[in-house]
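Working through the structure, step by step
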Amino acid sequence: MNILYVGDIMGEAGIDTITTLLPGIKKDKAVDLVIAQAENVSGGKGVTPDDFNRLQAAGVDFCTGGNWTMHQQSIFALLSDPDEPIIRPANYPADTPGLGYKYIGTPQGDVLVISLLGQIVGRDADKPTDNPLHVVDKILEEEKDVARAATIVNFHGDFSSEKRVIGYYLDGRVTAIIGDHWHVPTADAMVLPKGTAHQTDVGMCGSLHSSLGVKLESVIPRWRDGRQTVNQLEQGGTLQFNALLITLDPATGLATGCERIQQYID
Ligand SMILES: [Fe+2]
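These remarks concern the structure in this document. Computed from a predicted model, the values in this text were never measured in an experiment.

Next up on the list: the packing of helix H1 (residues 11-28) against helix H2 (residues 49-58). Packing of H1 against H2 leaves a shortest axis separation of 9 Å and a crossing angle of 20°. Comparing the axis directions of H1 and H2 gives the class roughly parallel. Across from Glu12, Ile15, Ile18, Thr19, Leu22 and Pro23 in H1, the residues of H2 making contact are Asp51, Arg54, Leu55 and Ala58.

Now for the packing of helix H4 (residues 132-142) against helix H5 (residues 160-170). Two numbers describe a pair of packed helices, the interaxial angle and the distance between the axes. It is the contact of H4 with H5, at a shortest axis distance of 12 Å, that shows an interaxial angle of 30°. Looking at the two axes, H4 sits roughly parallel to H5. Our pair here, H4 against H5, has a crossing hand that is right-handed. Contacts from Leu133, Val136, Asp137 and Leu140 in H4 reach Ile166, Tyr169 and Leu170 in H5.

Moving on: the state of the cysteines. Counted by the stated rule, this structure contains zero disulfides. The structure places no disulfide on cysteine 205, whose sulfur is separated from the nearest cysteine sulfur, that of cysteine 63, by 12 Å. On the basis of relative accessibility, which here comes to 0%, the residue cysteine 205 falls in the buried class. Left without a disulfide partner, cysteine 258 is nearest to the cysteine sulfur of cysteine 205, which lies 17 Å away.

With that settled, the discussion passes to the coordination of the iron ion. Around the iron ion, the protein supplies Glu39 (OE), Asn67 (OD1), His156 (NE2) and His181 (ND1) as donor atoms, at distances of 2.1 to 2.3 Å. The site at the iron ion holds four donor atoms, and with the angles between them running 82 to 159°, its shape is irregular.

Once that is clear, we can look at the pairing of strand E12 (residues 239-249). With nine of eleven residues buried, E12 lies mostly within the body of the structure. Linkage of E12 to strand E13 (residues 254-265), two consecutive antiparallel strands, is achieved through a turn of four residues, within which glycine 253 is found at a positive phi near 70°.

In terms of burial, strand E8 (residues 176-180) is largely enclosed, as five of its five residues are buried. Burial along E8 is two-sided: Ala176, Ile178 and Asp180 and Ile177 and Gly179, pointing in opposite directions, are all buried. Inspection of the sheet shows strand E7 (residues 150-156) paired to E8 by five bridges, in the parallel sense. Considered in E8, the bridge of phenylalanine 155 is made with glycine 179. Chirality of the crossover, the property in question, places the unit of E7, H5 and E8 among those that are right-handed. Direction of pairing for E8 relative to strand E10 (residues 197-199): parallel, over a ladder of three bridges. Following the sheet pairing, isoleucine 177 is matched in E10 by histidine 198.

Reading the values: rules and limits
- Position labels on residues start from 1 in each chain and follow its written sequence.
- Local features in a predicted model are, by the rule used here, given only for residues with pLDDT of at least 70; side-chain atom pairs are given and counted only at 80 or more, and totals for whole chains, interfaces and linings are based on all residues.
- Side-chain metrics rest on all non-hydrogen atoms present in the structure, leaving aside hydrogens and water.
- Lines fitted to C-alpha atoms define the axes, with helix axes restricted to the stretch in contact, and inter-axis angles between N-to-C directions lie between 0 and 180 degrees.
- Numbering of helices and strands runs from the N terminus, with a helix taken as a DSSP run of H or I at least four residues long and a strand as a DSSP run of E at least two residues long.
- Throughout this description, any angle smaller than 35 degrees is read as roughly parallel, any larger than 145 degrees as roughly antiparallel, any in the 65 to 115 degree range as roughly perpendicular, and the remainder as oblique.
- We call two residues in contact whenever any of their non-hydrogen atoms come within 4.5 Å of each other.
- Note on convention: near helix rotated counterclockwise from far helix by under a right angle means a left-handed crossing. Clockwise means right-handed.
- Two cysteine sulfur atoms form a disulfide, by the criterion used here, when they sit within 2.5 Å.
- Accessibility here uses a 1.4 Å probe with only protein chains present; expressed as a share of the type maximum, an area under 20% marks a residue as buried, one over 50% as exposed, and anything in between as partly exposed.
- For Na, K and Ca the donor cut-off is 3.2 Å; for every other metal, N, O and S atoms count as donors within 2.8 Å. Water does not enter the count, which can leave sites looking incomplete.
- Between 85 and 135 degrees for all angles marks four donors as tetrahedral; over 155 degrees for opposite donors together with 65 to 115 for all other angles marks four donors as square planar and six as octahedral; every other arrangement is irregular.
- In this analysis, strands are considered paired if DSSP registers two or more bridges between them.
- With the strands aimed away from the viewer, a crossover counts as right-handed if its path from the first strand over the helix to the second runs clockwise.

This is the structure:
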């Protein structure tokens, strides 16, 4: 079974990228399920129901969440519906709208998808989060008797130490744990010793020559001269696509291989 995890889809450039490339990649790699990080889809801040529908039309089956997911209140009803394939981080406080893990059906069996937020995410210091290790332990314990083909965990965080350590913490207990949020892919995709696929950061989909998808003209003056500028998303130029392809055995729920997928559109 092949599961493709697609990195942060950043604004319209990100939607253009996956709309153009995803159908071919799904065919070439015999992809059974596409999971994508959707927290930056709608102008970089969350994802609206309309844009969620556009991702589904482009071939995305399930959307994970990050520190921007709760920015769009219009998505809350879908986050709360167990049958809608979109989640927010699972380690927000208990009364936060939405669900942090859900199942999605595939011909090979159900797949459990969990999103977690790192505890050190720069701009999110005002939002309290529970310890992601405790939260994922609790979810895996509660779901231990539910038959499934795979368990995919997304860890949206800033610190490389957190992002690496949780890989080893979950090794042998889940199919894959994939980091995102940096928008820069790391070259460490591997299957860990006990059978869990891991990558510190999968990277992003959208404008390549930009500040992580944001126009350089709106970032550099702020840094160089201390000017107050508003982030504007870069829409044009070369587009980048970054994802991790995970191959697994549905009988064991463990990974047998993983491969970085990196493509460009000039
Ligand atoms: Fe993020």
